[in-house]
Amino acid sequence: EASPHGLTFNSDGTKMFVTGNDGDDVNEYACSTGFDVSTCSFTDAFSVRNQEESSTGLAFNTDGTKMFVIGSSGDDVNEYTLEVGFDFDASGLGTTTFVDAFDISSQEASPQGLAFNSDGTKMFVTGNDGDDVNEYACTAFDVSTCSFTDAFDVSGQDIFPADVAFNTD
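The rules behind these values
Residues numbered from 1 in each chain as written. Predicted model: local features only at pLDDT ≥ 70, side-chain atom pairs only at ≥ 80, totals over all residues. Heavy atoms only, no water. Phe/Tyr/Trp six-rings, centres within 6.5 Å; stacked < 30°, edge-to-face > 60°. Helix = DSSP H or I, 4+ residues; strand = E, 2+ residues; numbered from the N terminus. Buried < 20%, exposed > 50% of the residue type's maximum accessible area, 1.4 Å probe, protein only. Salt bridge = Lys/Arg side-chain N within 4 Å of Asp/Glu carboxyl O. Pairing = 2+ DSSP bridges. Axes fitted to C-alpha atoms, helices over the stretch in contact; angles between N-to-C directions.

Trainee: Please clarify how the packing of aromatic side chains should be interpreted in this entry.
Mentor: Two measures describe an aromatic ring pair: the distance that separates the ring centres and the angle between the ring planes. Per the stated rule, a full pass over the model turns up 15 aromatic pairs. Measuring from ring centre to ring centre gives 5.1 Å for Phe60 and Phe86, while their planes differ by 45 degrees; the resulting arrangement is tilted. A residue pair is termed long-range when its members are at least 10 positions apart, and Phe60 in strand β5 (residues 55-60) and Phe86 in the loop between β7 (76-82) and β8 (96-103) qualify at 26 residues. We classify Phe60 as buried; its relative accessible area is 12%. Here a set of aromatic residues connected by ring pairs shows up, and it is made of Phe17, Phe46, Phe60, Tyr80, Phe86, Phe88 and Phe98.

Here is the structure:
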């Protein structure tokens, strides 16, 4: 990926995922030592081109069986299922399938960052246009059920918020 934007790990740090503006895909890396990028090596990539041509952020549910990708060209959150958690099918054991998309263009025209709370009932999106963190209520990691609930203005601190993250609670 020549222009990386989104980065996340599985829970023990043995898998790293990177997405960006140029590749139209999510790249999967295996890390022999958890959360040590010097031990990571490329294993597979999953194309998101049919849903997003300029991906900027990604997130997974807790067991890695759902992946969510956003980007600045689609203005939506795309949901995928993974038959094997945190595995695009490098080993031939499972498949990754597009499920649904949730339009966020009314709140953010250039989405960059994406996060969920631990049970997937809240989704948060940041971007270059809104200067805020948008909050959505959802049913357990299902974007087809999400609805906008509130926004938190961060323009006093950052006019181009690129990502969002929370502690565990």
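Trainee: Please clarify how the pattern of salt bridges should be interpreted in this entry.
Mentor: Side chains that carry opposite charge are capable of pairing whenever their charged atoms lie near each other. Throughout the structure, instances matching the rule amount to four salt bridges. Residue Glu79 pairs with Lys66 through a salt bridge whose shortest N-O separation is 3.1 Å. In this pair, Glu79 sits in strand β7 while Lys66 sits in strand β6 (residues 66-71), placing the two residues 13 residues apart along the sequence. Comparing Glu79 with Lys66, the two get one shared label, buried.

Trainee: Before we go on, may I ask you to explain the sheet that holds β5 in this structure?
Mentor: Pairing within the open sheet is antiparallel, and its four strands lie in the order β5-β6-β7-β8. On the outer flanks of this sheet lie β5 and β8, each paired with one strand and no other. Neighbour-to-neighbour, the strand axes of the sheet open up by a mean angle of 25 degrees, direction not taken into account.

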